[in-house]
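Chain by chain, the residues:
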Amino acid sequence: MIFKNQYEQQRIEKGKALEALGKNPYQHNIVKDTSTKEFTECYAYVANENNQRDENKKNTVVGRIKFLRHMGKAAFAKIEDEHGALQVYFSKESIGEEWFEEVKKLVEVGDIILATGFPFVTKTGELSLHAKELEVATKSIVPLPEKFHGLQDKEQRYRKRYLDMIMNPEVRKTFKTRSKIVSTIRHFFEERGFLEVETPMMHPIAGGANARPFVTHHNALDVDRYLRIAPELYLKRLVVGGFEAVFEINRNFRNEGMDQTHNPEFTMIEFYWAYHNYHDLMKLTEEMFDVLLKKLKLPKKLPFGDMEIDFSKQFQKISFKDALALIGKVPYEILESRDAIIKYIIDSGNEINVKLSLGKLWEELFDLFVEEKLIDPTFIIDYPIEISPLARRSETNPDIAERFELFIAGREIANGFNELNDPIDQYNRFAKQIEAKDAGDDEAHEMDEDYVQALGYGLPPTAGQGLGIDRLTMLLTNEESIKDVILFPAMKPINENQQETEEY
RNA sequence: GACUCGUUAGCUCAGCCGGUAGAGCAUCUCCCUUUUAAGGAGGUGGUCGAUGGUUCGAAUCCAUCACGGGUCACCA
């Protein structure tokens, strides 16, 4: 039996008692004509009326009881709906003696009630609804957590997000903001002529990023499929096909560790823009942040944790190499020497794999000395080619990719580049990845011949970018854990031995 | 994966120099017709995350396991 504790049993009995009185504890066809927010806004004038009430008005409000105070022959219930809260007053006199006595016994915190009556202001000055009718819309069986401290336990908050939402209104606010972020971005791209598309989530080859994929099996075809780690290669196929500006906002899946900034499924927007370059992308990204801050009514000096992020100036642009020297304070003169870099890293008290190539060592230096210092929005440009397998090579410097990443608050937020569209070069880079894979790098890209084939038909000059929606949301809602911006974050199932499977 | 902290009533927590459990809120029974975490009186409720061990005796000490938080690693 699921509802086995004494409180739940008691509440089930109360539901039955309501039924015995001819009151369905799970009504459906109830009519609500006013939200708590509309009620408080509409009747603000009542405070100025002579007797502090307007008995000519009649409204029906529905909400979940969060507080309930019985005072003998009268009672106050604070009800909450999606947009606000309202105090409902009812008494023996107002709803009838018999029903009042039943309500006293059978209605409690957690229940969803419907109250009909007129607006008035209490002695203490709170605009309230004076109920003439009171009905139970939904009887709640499981008691709510304590009213003052609410639900604190993070595990319960993530596992039972619905309860978290009932108890913590700011959680609802965060997810509304997330929704607004997504819709703002969607409109931003649509307005600029981008076409939203949906590409496969199940891939025969996991490509477009360096990550371990989830594997599943398609029975009818008897083949394994990989949950996508990135939509990149499909979106670029669409550009080959003639869509010159496309975007997709959807989930990626990566079979890796979880922490404050990583969830196995996370949301990305990727967009591809033919006949544009990565400088256009950076400009577009700045515009997008501008629009986002305006839409969300956020200040240009955005607080985040104990930082303040300055969006009032143009985003800084600095090359990868300059960032190492100027921001990371790594001496310029060691940057061309693998041995010198290795020595520098070890001397600074860090461990390093001495087999790494120069490009990978630069990446290590960046992660160690630069990334966390990039608080205000900063584009790092001109990446080493060998850590950019899908990016176009610079015409002036073959070691450099025409690529940027955007960092804010010490974190990577976006990654964009001019797309590699030379099919032969792409084939060779895949081949190199295969070698790495054979050498034991299980995150190296796989050969995707169909993709190379697509490039063979001609991918126009195109710039493409990916931006993590979850991390963006963290930034704009000032949340420090990705779990706080994902409605149902990944959690380990509770041990089966401890679960009961008795029948109800 | 490593380290670390945590898991006690429905919820929030105390107890942890070993002697088989406490508070507040909630719930139950009363009183109370303008309360704001309402108030007053009295009650119910817990195999102290699980399994072993040490001990005359374990919520408390030890070990293993489960789940969670944090840090690190992995990971863009």
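Quantities reported herein were computed from a predicted structural model and do not represent experimental measurements.

### Structural notes on the sheet that holds strand β1 (residues 59-70)
And then number 1: The strand order around the closed barrel formed by five strands is β1-β2-β3-β5-β4, and the pairing between neighbours is mixed. On average, each strand axis in the sheet is tilted by 55° relative to the strand beside it, whichever way the strands run.

### What about a nonpolar patch on the surface?
And then number 1: A cluster of nonpolar side chains, Met165, Leu487 and Phe488, forms an exposed patch at the surface whose accessible area comes to about 280 Å².
And then number 2: Along the chain, methionine 165 falls in helix α6 (residues 161-167).

### Section: the side chain of lysine 483
And then number 1: Its place among the elements puts lysine 483 in the segment after α15 (469-477).
And then number 2: Excluding its chain neighbours within four sequence positions, the residues that come into contact with lysine 483 are Tyr158, Arg161, Met258, Pro489, Ala490 and Met491.

### As for the packing of helix α7 (residues 169-191) against α15
And then number 1: For the pair α7 and α15, interaxial distance at closest approach is 10 Å and the crossing angle is 120°. Viewed along their axes, α7 and α15 adopt a mutual orientation that is oblique. Like other packed secondary-structure pairs, α7 and α15 cross with a definite hand, here right-handed. Residues Thr174, Thr177, Arg178, Ile181, Val182 and Ile185 of α7 form the contact with α15, whose own contacting residues are Ile469, Asp470, Leu472, Thr473, Leu476 and Thr477.

### Things to note about helix α9 (residues 278-295)
And then number 1: End to end, α9 covers 25 Å across 18 residues, agreeing with the expected 26 Å (1.5 Å per residue, within 8%).
And then number 2: Its side-chain oxygen at 2.8 Å from the backbone nitrogen of histidine 279, asparagine 277 defines the N-terminal cap of α9.
And then number 3: Just beyond α9, the residue with positive phi is lysine 297, at close to 55°.

### Comments concerning the nonpolar core
And then number 1: Ile185, Phe189, Ile269, Phe289, Phe311, Ile408 and Leu475 are the most contacted members of the largest nonpolar core, which has 40 residues in total.
And then number 2: Top element by residues in this core is α9. It accounts for eight residues.
And then number 3: In contact with leucine 475, not counting residues within four places along its chain, are Phe289, Leu302, Phe304, Ile309, Phe311, Ile408 and Ala409.
And then number 4: Listed in part, the 26 residues of the second largest apolar core include Ile65, Ala115, Leu127 and Leu134.

### A word on the domain arrangement of chain A
And then number 1: Along its sequence, chain A is organised into domain 1 (6-144) and domain 2 (167-328 + 370-484).
And then number 2: One C-alpha centre belongs to domain 1, the other to domain 2; they are set 49 Å apart.

### Describing the packing of helix α10 (residues 320-327) against helix α12 (residues 358-370)
And then number 1: Between α10 and α12, the shortest axis-to-axis distance is 10 Å and the interhelical angle comes to 40°. Overall, the two elements α10 and α12 adopt an arrangement that is oblique. The two elements α10 and α12 cross, and the hand of that crossing is left-handed. Two secondary-structure elements touch here, α10 through Phe320, Lys321, Ala323, Leu324 and Ile327 and α12 through Trp362, Glu363, Leu365, Phe366, Phe369 and Val370.
And then number 2: For the contact of α10 with α12, a count of residues per class yields nine nonpolar, no polar and two charged.

### Some remarks on the confidence of the model for chain A
And then number 1: Mean pLDDT over chain A stands at 92; residues scoring 70 or higher make up 97%.
And then number 2: Per-element confidence in chain A ranges from a low mean pLDDT of 86 for helix α13 (residues 423-438) to a high of 98 for strand β6 (residues 195-196).
And then number 3: The model gives residues 496-504 a pLDDT under 50, and that stretch makes seven contacts with residues more than four places away or in other chains.
And then number 4: Per the prediction output, this complex has pTM 0.93; the corresponding ipTM is 0.92.

### Some thoughts on the packing of aromatic side chains
And then number 1: Enumeration over the complete set of coordinates arrives at 22 aromatic pairs.
And then number 2: Pairing phenylalanine 194 with tryptophan 273 gives two aromatic rings, centres 5.3 Å apart and planes at 45°, and the pair type is tilted. Remark: tryptophan 273 occurs in strand β11 (residues 265-274) and phenylalanine 194 occurs in the loop between α7 and β6; sequence separation between them is 79 residues.
And then number 3: Since its relative accessible area comes to 15%, tryptophan 273 is described here as buried.
And then number 4: Site record: aromatic cluster; members linked through ring pairs are Phe188, Phe189, Phe194, Phe247, Phe271 and Trp273.
And then number 5: Geometry around tryptophan 99 places lysine 23 over its ring, the cationic atom sitting 4.3 Å from the centre.

Cut-offs used in this document
Residues numbered from 1 in each chain as written. Chains lettered and ligands numbered in written order. Predicted model: local features only at pLDDT ≥ 70, side-chain atom pairs only at ≥ 80, totals over all residues. Heavy atoms only, no water. Pairing = 2+ DSSP bridges. Helix = DSSP H or I, 4+ residues; strand = E, 2+ residues; numbered from the N terminus. Axes fitted to C-alpha atoms, helices over the stretch in contact; angles between N-to-C directions. Patch = residues over 30% accessible without salt bridge, like charges linked within 9 Å, V, L, I, M, F, W, Y side chains within 5 Å. Areas by Shrake-Rupley, 256 points an atom, 1.4 Å probe, with all protein chains shown as cover. Salt bridge = Lys/Arg side-chain N within 4 Å of Asp/Glu carboxyl O. Contact = heavy atoms within 4.5 Å. Parallel < 35°, antiparallel > 145°, perpendicular 65-115°, else oblique. Left-handed = near helix turned anticlockwise from the far one by under 90°. Expected span 1.5 Å × (residues − 1). Polar contact = N/O pair within 3.5 Å; in protein donor to acceptor, adjacent residues only side chain to side chain. Core = buried A, V, L, I, M, F, W, Y, C linked by side-chain atoms within 4.5 Å. Buried < 20%, exposed > 50% of the residue type's maximum accessible area, 1.4 Å probe, protein only. Domains from an automatic or database assignment. Nonpolar A, V, L, I, M, F, W, Y, C, P; charged D, E, K, R; others polar. pLDDT = per-residue confidence, 0-100. Phe/Tyr/Trp six-rings, centres within 6.5 Å; stacked < 30°, edge-to-face > 60°. Lys NZ or Arg CZ within 6 Å of the ring centre and 35° of its normal.

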